[in-house]
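Each chain, letter by letter, is given below.
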Amino acid sequence: MKFYESGNQSKPVIFLFPGTCCLYSSFDHVLEGLHVYFYTVTVSYDGFDPNENTQFHSMEEECEKIEKEIMDHYGGRIKAAYGCSLGGSFVSLLIQRKRIHMDHGIIGSSDMDEAGKVMATIQASIVTPIMYKMVHTGTLPKLMEKKIAQMDDSKKKLVNGFLDMFGLGSPWISKCSIYNQFYSDLVTKVQHNMDVPNTKIHVFYATKMGKKYEKRYYTYFKNPDIHRFNMQHEELFCCHANKWIEEVRNVVIGDVGL
């Protein structure tokens, strides 16, 4: 695992967590804007970094490494963390474990899916070969390419923005890391009614995902600060960088009138 730091160290620290099979570089398009307000630390998971030879084993093992980094270099306390999709599970788990402290945890339209071991094994076994081929070849399944070709420009922009987050064309990512990441996310439970003193949980809820996800957020978090956007999963982050930066700034340090 690697941690990519950038910006002015005198500013508040925000950790950035990528999504499933996504690289740390998926945050490149927002870093310059974030640096106006924050010192950024982008997390690069084991098995998904081009600069090391590692494997992703479990959410718990990754959490332990993240906690150690925050304790060793930031005194066990950071201003905020943003979790993109799968990254939202990491933000939730870090808050739940209470080994480090963050003032603001931001869940980025994460689905927060959970499953038992049998169902998780089935789902991971189906998804892994598809993702592995995409990651290694950098190409999409023919059926997916056909569907994208039939979309209008706005939908193509969303799909292409979402695909840009993935590590497409990354032969160092192993099938084992993909499987373990997907499986571990499903079987690692987030506690219900989470409420940690002096930590505020914000949710960037993409309403086009469906009402069941809003209900899920209220199940996991006692008093979530839910921000609703009439968008698809992570569309705000992928396609509206300036708006996303503005929303992150507002929930963490308030509207400074810019």
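Note that the structure is predicted; figures quoted are calculated from it, not measured.

K.L.:
Sorry if this is basic, but what is going on with the sheet that holds strand S5 (residues 101-108) here?
P.N.:
Backbone hydrogen bonds are what pair the strands of a sheet, in a parallel or an antiparallel way. With respect to topology, seven strands assemble into an open sheet ordered S1-S3-S2-S4-S5-S6-S7, the strand pairing being mixed. Whereas interior strands pair on both sides, the edge strands pair on one side only; in this sheet they are strand S1 (2-6) and strand S7 (225-229). With strand direction ignored, the average angle separating the axes of adjacent strands in the sheet is 20 degrees. Where helix H2 (residues 59-74) meets the sheet, it contacts S1, strand S2 (13-17), strand S3 (39-44) and strand S4 (77-84), and its direction lies at approximately 165 degrees from that of S2.

K.L.:
What exactly am I supposed to notice about the pattern of salt bridges here?
P.N.:
Opposite charge on two side chains allows them to pair when their charged atoms are near. This structure, assessed with the given rule, holds 13 salt bridges. With a closest N to O distance of 2.8 Å, Asp103 and Arg77 form a salt bridge. Linking Asp103 in strand S5 with Arg77 in strand S4, this pair joins segments that are 26 residues apart in sequence. Judged by relative accessible area, which is 46%, Arg77 ranks as partly exposed.

K.L.:
Help me understand the packing of H2 against helix H3 (residues 86-97) in this model?
P.N.:
In helix packing, the relevant descriptors are the interaxial angle and the interaxial distance, both defined with respect to the helix axes. It is the contact of H2 with H3, at a shortest axis distance of 10 Å, that shows an interaxial angle of 65 degrees. Classified by the angle their axes make, H2 and H3 are roughly perpendicular. Considering the relative orientation of H2 and H3, their crossing is right-handed. Contacts from Met59, Glu60, Glu62, Cys63, Glu64, Ile66 and Glu67 in H2 reach Leu86, Ser89, Phe90, Leu93, Leu94 and Arg97 in H3. Each residue belonging to the contact of H2 with H3 can be placed in one class, and the counts come to seven nonpolar, one polar and five charged.

K.L.:
Is there a simple way to think about a nonpolar patch on the surface in this case?
P.N.:
Together, Val118, Met119, Ile122, Ile126 and Ile130 line one region of the surface with nonpolar side chains, adding up to about 480 Å² of accessible area. Here Val118 is to be found in helix H4 (residues 117-137).

K.L.:
Quick question: what am I supposed to make of the nonpolar core here?
P.N.:
In a soluble, globular protein the nonpolar side chains are often hidden away together inside. The biggest cluster of nonpolar side chains holds 80 residues, and the ones touching the most others in it are Phe15, Phe17 and Trp244. Not counting residues up to four positions away in its chain, the partners in contact with Phe17 are Phe27, Val43, Tyr45, Ile66, Ala81, Tyr82, Gly83, Cys84, Gly87, Phe90, Val91 and Leu94.

K.L.:
How do you make sense of the pairing of S7 when you look at a structure like this?
P.N.:
Where strand S6 (residues 200-206) meets S7, five bridges bridge the pair, whose relative direction is parallel. The partner of His202 across the bridge, within S7, is Asp225. Remark: the S6/helix H8 (residues 211-220)/S7 crossover connection has right-handed handedness.

The rules behind these values
All chains use their own residue numbering, which begins from 1 and follows the written sequence. Residue-level local features of this predicted model are given only where pLDDT is at least 70; pairs of side-chain atoms are given and counted only at 80 or more, and the full residue set underlies all totals for whole chains, interfaces and linings. Side-chain numbers here rest on the full set of heavy atoms in the structure, without hydrogens or water. Pairing between strands is defined by DSSP: at least two bridges between them are needed. Counting from the N terminus, the helices are DSSP H or I runs at least four residues long and the strands are E runs at least two residues long. Simply put, an axis is a line fit to the C-alpha atoms, just over the touching stretch for a helix, and the angle between two N-to-C directions goes from 0 to 180 degrees. The criterion used for residue contact is that any of the two residues' heavy atoms lie within 4.5 Å. For this analysis, a salt bridge means a side-chain nitrogen from Lys or Arg found within 4 Å of a carboxyl oxygen belonging to Asp or Glu. Only protein chains enter the calculation, and the probe is 1.4 Å; a residue is then buried if its accessible area is under 20% of its type maximum, exposed if over 50%, and partly exposed in between. Throughout, the term roughly parallel applies to angles under 35 degrees, roughly antiparallel to angles over 145, roughly perpendicular to angles from 65 to 115, and oblique to all others. By definition, any crossing whose near helix is turned counterclockwise from its far helix by less than a right angle is left-handed, and any crossing with a clockwise turn is right-handed. Throughout this entry, Asp, Glu, Lys and Arg are counted as charged residues, while Ala, Val, Leu, Ile, Met, Phe, Trp, Tyr, Cys and Pro are counted as nonpolar. The remaining residues, Gly among them, count as polar. For patch detection, residues must exceed 30% relative accessible area and be free of salt bridges, and they are connected within 9 Å for like charges or within 5 Å for nonpolar side chains (Val, Leu, Ile, Met, Phe, Trp, Tyr). Working definition of accessibility: Shrake-Rupley area with a 1.4 Å probe, residue cover restricted to the visible protein chains. For the purposes of this section, nonpolar cores are sets of buried Ala, Val, Leu, Ile, Met, Phe, Trp, Tyr and Cys residues that join through side-chain atoms within 4.5 Å. With strands facing away from the observer, any crossover in which the path from the first strand over the helix to the second runs clockwise is taken as right-handed.

So yeah, pure geometry; function would need other evidence.
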